[in-house]
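Spelled out, the chains give:
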Amino acid sequence: MLSSCRSAYNEVSYFNNINELANQTDTTLSIEKIRFQTDDVITIVVSADNQAAAAPFNLMPYSVAKNGTEELTSTRNIQTYLVDEDGYIRFPQLGKIKIGGMTRNEAVKMLELKLENYLKNPIVNINFINYKYSVMGEVANPGVYPINGDRISILDAIGSAGDLTIQAQRRNVLLIREVKGIKEVHQFDLTDANIINSPYFYIQQNDVIYIEPNNAKKRNSKYSPMDAFNVSIISTIVGGISVVTSILVALIK
């Protein structure tokens, strides 16, 4: 019985062998930072000592009219850049610039270097607009979540979705990623602490994380509420027949 309880605990707890890694220092694992991909939507804002001189290097905000309760109002939205299939964006004054495959910091430094030919002390800020990932399956709050920052781990992603439910299969967490038009699937075992050394520990934009239900949940899913109702009715009928039979036997005796 004690062995069975220990086995069940290992199935639902994370990092069962964490003590084996506690004193290890792995300097060989490189952390892959987020890089610009095709169809990324971004904003780029350029500023400098002379803001008027920097204005031609920024996309003009556009206004969106809204019907208010008393008058027509408008809001000004910043225009965005779309990374095309070849990794390029069309930048004001500078023309086509390739940022596909770059990290955010690399793109910032590249643009600031180009702008030094036109501006004094240029500053470039780049932000993602469609920077997201999806979590599906046995989590408390499945859905699509934005990525804040340049690095987020699969544990951060699961935590944002409210953590796994007790019915989750912790040994078979799937990460689905598209690389150059090809879907890749990577498997994680959250009961194994070595997950932190996986090259896929840090997720990328548009990744999909799927949490499989455990076997008990799968078995229960075969029975609908109507099935349970029918079983209850049958049990009641059988119980009634048994009582009537017992009464008849008693009377005959």
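Residues numbered from 1 in each chain as written. Predicted model: local features only at pLDDT ≥ 70, side-chain atom pairs only at ≥ 80, totals over all residues. Heavy atoms only, no water.

Draft legend 1. Focus on the packing of aromatic side chains. Tallied over the entire structure, the rule returns 6 aromatic pairs. Ring geometry for Phe57 versus Tyr118: centroids 5.5 Å apart, planes at 50 degrees, classification tilted. Separated by 61 residues along the polypeptide, Phe57 in the loop between α3 (51–54) and β2 (62–67) and Tyr118 in the loop between α4 (104–115) and β7 (123–128) bring together distant segments of the chain. Judged by its relative accessible area of 52%, Tyr118 is exposed. (Phe/Tyr/Trp six-rings, centres within 6.5 Å; stacked < 30°, edge-to-face > 60°. Helix = DSSP H or I, 4+ residues; strand = E, 2+ residues; numbered from the N terminus. Buried < 20%, exposed > 50% of the residue type's maximum accessible area, 1.4 Å probe, protein only.)

Draft legend 2. Quick look at α4. Under the 1.5 Å per step criterion, the end-to-end length of α4 is 16 Å for 12 residues, consistent within 8% with the ideal 16 Å. Those residues of α4 not exposed but buried are Arg104, Ala107, Val108, Met110, Leu111 and Leu115. For α4, the arc enclosing every buried residue in end-on projection is 165 degrees, short of the 170-degree limit, so these residues lie on one face. Of the exposed residues in α4, the ones pointing more than 90 degrees away from its buried face are Lys109 and Leu113. Residues of α4 that are buried sit in contact with β1 (41–47), β5 (88–91), β6 (95–98) and β7. (Expected span 1.5 Å × (residues − 1). Arc of directions from axis to C-beta. Contact = heavy atoms within 4.5 Å.)

Draft legend 3. Layout of the sheet that holds β7. If you walk across this open sheet you meet the 3 strands as β4-β1-β7, and the pairing is antiparallel. Looking at strand neighbours, the two that pair on one side only are β4 (81–82) and β7, the edges of this open sheet. In the sheet, β1 pairs with β4 via 2 bridges, with the strands oriented antiparallel. Paired with Val41 across the strands is Leu82, a residue of β4. Each of β1 and β7 touches α4; the most contacted strand, β7, lies at about 145 degrees to it. (Pairing = 2+ DSSP bridges. Axes fitted to C-alpha atoms, helices over the stretch in contact; angles between N-to-C directions.)

Draft legend 4. Local environment of the sheet that holds strand β12 (residues 208–213). Across the sheet, which stays open at both edges, the 5 strands sit in the order β9-β8-β12-β10-β11 with mixed pairing between neighbours. On the outer flanks of this sheet lie β9 (143–146) and β11 (182–188), each paired with one strand and no other. Across the sheet, the axes of successive neighbouring strands diverge by a mean angle of 20 degrees, strand direction being ignored. Bridge analysis of strand β10 (residues 168–179) against β11 gives 7 bridges, and the strand direction is antiparallel. Pairing of Leu175 across the sheet is with His186, part of β11.

Draft legend 5. View of the pairing of β12. Note that strand β8 (residues 132–137) and β12 share 4 bridges and pair parallel. By the bridge assignment for β12, Ser134 is matched with Val208. One ladder, built from 5 bridges, connects β10 with β12; its direction is antiparallel. Along β12, the bridge assignment pairs Val173 with Ile211.

Draft legend 6. Just the pattern of salt bridges, in detail. Considering all chains together, one arrives at 4 salt bridges under this definition. Linking Arg171 and Asp189 is a salt bridge whose minimum nitrogen-to-oxygen distance equals 3.5 Å. Taken together, the residues span a long stretch of sequence, with Arg171 in strand β10 and Asp189 in the loop between β11 and β12 at a distance of 18 residues. Classification of Asp189 as partly exposed rests on a relative accessible area of 24%. We note a salt bridge from Lys183 to Glu178, for which the minimum N-O separation is 2.9 Å. Under the relative-accessibility criterion, Lys183 is labelled exposed at 56%. (Salt bridge = Lys/Arg side-chain N within 4 Å of Asp/Glu carboxyl O.)

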